[in-house]
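# Chain and residue survey
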Amino acid sequence: MSTAIATTQLEELQTAESRLLVQTYGRYPVELASGEGVYLYDSEGKRYLDLLSGIGVSALGYNHPAITAAITKQAETLIHTSNLFFHRGTTEVALRLTEITGLDRVFLCNSGTEAWEAALKLARAHAGLLRAEGKQIGTKIIALENSFHGRSIGSVSTTHKAAYREPFGPVMPGVEFVKHNDVAALKAAFSNEVCAIAIEVLQGEGGINWISEEFLATARELCDSTGALLLFDEIQSGMGRTGTWCAYQHFSVRPDVTTLAKPLAGGVPMGAMLCTEEAARAFKPGMHGTTFGGNPLACAVAIAVIDTIKHEGLLAHVTEVGTYFIEQFNELKKKHEAIVEVRGAGLMIGVDFHSADVAKHLHETMMERGFILNRTHDTVLRFLPPYILTRDQIDIAIRTMDEILTTMPSLAASNLAGEKAHG
Ligand SMILES: *Cc1c(COP(=O)(O)O)cnc(C)c1O
C-alpha cells in the first residue's frame, strides 16, 4: 500500500466523520488498524509503542491470547442473556472482584461513568435508608477539586472541571468541591448533611495526583461519625494499574464503595461498583439496573483478564517496571529543567512540565516518532502503558524523550521564564 493512497483515505475518513458524527472528540490524525502486544499499527503500517492503552484500558496489550480465546469461546456460546436470567459469569467475576478488593458485593455495568453513577445513587439511597431508620443524615456530596468521575449528569456533577459540567446546568444539586488534600477544608465542609465523600485515590485526568494518607484517614473518620459513605473512584487507578489491585491498597484506609472499569474487561466495555454489606442494603431489587451490565461476553473477558494478571504475576511486574520507569523519568528531570515533577506509581505516571508548550511539543514529536501517549491538564504527559511493557521498551521511550528535550533549545529556554499553565 502506498503512503499517498493511505493518506488520502485518512483525509476522506476525516471529512466523512466531520459530517456524520456528533463532534465530541478532537482526534489525532492517525487511523489505527491493528495491534500486537504493546504495539499498535496505523493504516499506513507505521508502528507505535503504546504508552497509553487506549486511556488505561488495554492492560494486557493487543491480541492477547487469553482475551482472544475468551471472546471467541463466549461468542460461540452466549453473548447476552439480560439480567432476567442467571448465568455463571456474574458470580465468577464477583468472586474475583470481592477477593481482590476486600469489599463484599458487586454491581456490574458497562462503563466507568455508569459505575460511578451507581455509587452516587447508592450513597443517596443509603442515606435515605438511614433516615428511615431514625438517623439524621442529609443528601450532600463532597467531591474534590481537579476530580474526574465521568460524563452523565450525576457524574459531571461531581467532576470539577467547569467545561465538563457547566454547559449542562443545572446539574445535580448538593455537591460541594473541596480543595485536593486540604484536610481543614474537608472538615469544614462536612456535617450530617453529607451522605458521601468522593475521592480519586490517584487522580487521573486531573494530572496524576496522589491523595494524602491524612486526607483519607480524615474522610474515613468523618464518614464513620455519621454513617456517610466513603466512595473511591478507582476506574483509572484500579485493576492493578499501580501495582496493587486498587490504589487504596497503598494506604491503610478502606472505602465503603469503590468503582472499577477501564481495564476490567481488557477493552470490552465493562464497569463495576463494589461496596460493603452495609452499603448494599440500600439497593433493593428493581431500584437500579442495566440491560447489558454483566453480560456473559464481558464477564468471560473480565475473568480472563483477572486470571491472567494473577497467573502471569503482572502486579509484581507492574511494580517493577513502573518503579524503573519513574526512576528513569527522575533521571530525565535532573537533566532537563523543563520537567517539574514526576508523579504516580506502577504504570500510572504523570510527568509535569513547566509549560504547556513544552509538553505539547514533546507529545507531538513522540507521536511522530512512534510513541502513543497523552497530555492531560495542559502540562502533564500521562503514561498508562499496557502492564506487559518491558524495561527495554521503557529505555527506548526515555532515550527518545531525552533526544527531543535536548534538541528543542528555544522551548527549553522559554520554559524557564514561562509560567505554569495549570488551569
Ligand atoms: C475514565 C474515568 C471515568 C469515566 O469512565 P468512562 O468509562 O469513560 O465512562 C470515571 N472516573 C475516572 C477516575 C476515570 O478515569
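Model, not experiment: these values are computed from the prediction.

## Some points on the overall build of the protein
For the protein, the count of helices and strands is 15 helices and 17 strands. Computed over C-alpha atoms, the radius of gyration of the protein comes to 22 Å, within 12% of the 22 Å expected from 2.2 N^0.38 for 423 residues, which places it in the range of a compact globule. For the protein, the C-alpha atoms occupy an extent of roughly 70 × 55 × 45 Å along the three principal directions. Looking at the protein as a whole, 53% of its 423 residues qualify as buried. Taking the contacts inside the protein whose residues are at least 6 apart along the sequence as the reference set, 73% of them involve residues at least 24 apart. Of the roughly 18,600 Å² that the protein leaves accessible, carbon and sulfur atoms contribute 55%. A gap of 3 Å separates the mean positions of the 36 positive and 48 negative side-chain charges of the protein.

## Topic: the site of the ligand
For the ligand, the full set of nearby residues is Ser111, Gly112, Thr113, Phe148, His149, Gly150, Glu200, Asp233, Ile235, Gln236 and Lys262. The contact in question runs from an oxygen atom of the ligand to an N or O atom on the backbone of Gly112, over 2.8 Å. At a separation of 3.3 Å, a nitrogen atom of the ligand approaches a polar backbone atom of Phe148. With the chains in place, 81% of the 380 Å² that the ligand exposes on its own is no longer accessible. Residues of the shell around the ligand, tallied by class, amount to two nonpolar, six polar and three charged.

## Some thoughts on the UniProt feature "binding site: N(2)-acetyl-L-ornithine" (unreviewed entry) in the protein
Residues annotated by UniProt as "binding site: N(2)-acetyl-L-ornithine" (unreviewed entry) correspond here to Arg151 and Thr290. Setting aside residues up to four positions removed in sequence, Arg151 forms contacts with Thr113, Val156 and Tyr164. Looking at the element boundaries, Thr290 is found in the loop between α10 (277–280) and α11 (296–311). Apart from the residues within four sequence positions on either side, Thr290 is in contact with Asn83, Phe107, Leu108, Cys109, Asn110 and Glu114.

## Observations regarding helix α14 (residues 391–406)
Its 16 residues give α14 an end-to-end C-alpha distance of 22 Å, which sits within 8% of 22 Å, the value for a rise of 1.5 Å per residue. Taken together, the buried positions of α14 are occupied by Gln393, Ile394, Ala397, Ile398, Thr400, Met401, Asp402, Ile404 and Leu405.

## Notes on the sheet that holds strand β11 (residues 257–260)
Read from one edge to the other, the open sheet built from seven strands follows the order β4-β12-β11-β10-β7-β5-β6, with strand pairing classed as mixed. The two strands at the open ends of the sheet, each matched to only one other strand, are β4 (105–109) and β6 (175–178). Averaged over all pairs of adjacent strands, the angle between strand axes in this sheet comes to 20°, irrespective of strand direction. Relative to strand β10 (residues 229–233), strand β7 (residues 194–199) is paired through four bridges, and the arrangement is parallel. Note that in β10 the partner of Ala196 across the bridge is Leu229. Strand contacts of helix α9 (residues 213–226): β5 (140–144), β6, β7 and β10, with the helix running at about 160° to β7, the strand carrying the most contacts.

## With respect to the domain arrangement of the protein
Assigned domains of the protein: these are domain 1 (31–63 + 313–416) and domain 2 (66–311). Interface area, domain 1 with domain 2, both sides summed: about 2,300 Å², of which 59% is carbon and sulfur. With a closest N to O distance of 3.9 Å, Arg382 and Glu205 form a salt bridge. Put simply, domain 1 and domain 2 have 16 residue pairs in polar contact (both at pLDDT 80 or more) between them. Looking at the side of domain 1 that touches domain 2, the elements with two or more residues in it are α2 (53–56), α12 (314–335), β13 (339–345), β14 (348–353) and β17 (380–383). Tallying contributions element by element places α12 first for the side of domain 1 that touches domain 2, with four residues. Per-class residue counts for the side of domain 1 that touches domain 2 are 15 nonpolar, ten polar and two charged.

## Considerations on the sheet that holds β17
The strands making up a sheet associate through hydrogen bonds between their backbones, and the pairing can be parallel or antiparallel. Taken together, four strands build an open sheet; the order of strands is β13-β14-β17-β16 and the sheet is antiparallel. Among the strands making up the open sheet, the edge pair consists of β13 and β16 (374–376). With strand direction ignored, the average angle separating the axes of adjacent strands in the sheet is 25°. When β13 meets β14, the two strands line up antiparallel, connected through six bridges. The residue bridging Gly344 from the neighbouring strand is Ile349, located in β14. Where helix α13 (residues 356–368) meets the sheet, its contacts fall on β14, β16 and β17, and the angle it forms with β16 comes to roughly 165°.

## Section: the nonpolar core
Residues Leu97, Ile197, Ile199, Phe325, Phe329, Phe353 and Phe383 are the most contacted members of the largest nonpolar core, which totals 118 residues. If one sorts the elements of this core by residue count, helix α5 (residues 112–132) sits on top with ten residues. Each of domain 1 (31–63 + 313–416) and domain 2 (66–311) gives at least three residues to this core. Excluding residues within four positions of it along the chain, Leu97 makes contact with Val106, Leu108, Met239, Leu260, Leu264, Ala272, Leu274 and Ile306. Leu40, Tyr48, Leu52 and Met348 belong to the second largest nonpolar core, which has ten residues in total.

## Some details on the packing of aromatic side chains
Applying the stated criterion across every chain, the model contains six aromatic pairs. Considering the side-chain rings of Trp210 and Phe251, the 5.7 Å spacing of their centres and the 70° angle between planes classify their relative orientation as edge-to-face. A residue pair is termed long-range when its members are at least 10 positions apart, and Trp210 in strand β9 (residues 209–210) and Phe251 in the loop between β10 and β11 qualify at 41 residues. The exposure class assigned to Trp210 is partly exposed, which follows from its relative accessible area of 24%. Classification of Phe251 by relative accessible area gives buried; the value is 14%. Their ring planes at 20° and their centres at 4.6 Å tell us that Phe325 and Phe329 sit as a pair that is stacked. Of this pair, Phe325 and Phe329 both sit in helix α12, four residues apart, roughly one helical turn.

Procedures and definitions
Residues numbered from 1 in each chain as written. Predicted model: local features only at pLDDT ≥ 70, side-chain atom pairs only at ≥ 80, totals over all residues. Heavy atoms only, no water. Helix = DSSP H or I, 4+ residues; strand = E, 2+ residues; numbered from the N terminus. Rg over C-alpha atoms; globule rule 2.2 N^0.38 Å. Buried < 20%, exposed > 50% of the residue type's maximum accessible area, 1.4 Å probe, protein only. Contact = heavy atoms within 4.5 Å. Areas by Shrake-Rupley, 256 points an atom, 1.4 Å probe, with all protein chains shown as cover. Lys, Arg positive; Asp, Glu negative; His and termini not counted. Charge placed at Lys NZ, Arg CZ, Asp CG, Glu CD. Near = heavy atom within 4 Å. Polar contact = N/O pair within 3.5 Å; in protein donor to acceptor, adjacent residues only side chain to side chain. Nonpolar A, V, L, I, M, F, W, Y, C, P; charged D, E, K, R; others polar. UniProt positions renumbered as here; feature names shortened; annotations may be inferred. Expected span 1.5 Å × (residues − 1). Pairing = 2+ DSSP bridges. Axes fitted to C-alpha atoms, helices over the stretch in contact; angles between N-to-C directions. Domains from an automatic or database assignment. Buried area = accessible area lost by both parts, 1.4 Å probe. Salt bridge = Lys/Arg side-chain N within 4 Å of Asp/Glu carboxyl O. Core = buried A, V, L, I, M, F, W, Y, C linked by side-chain atoms within 4.5 Å. Phe/Tyr/Trp six-rings, centres within 6.5 Å; stacked < 30°, edge-to-face > 60°.

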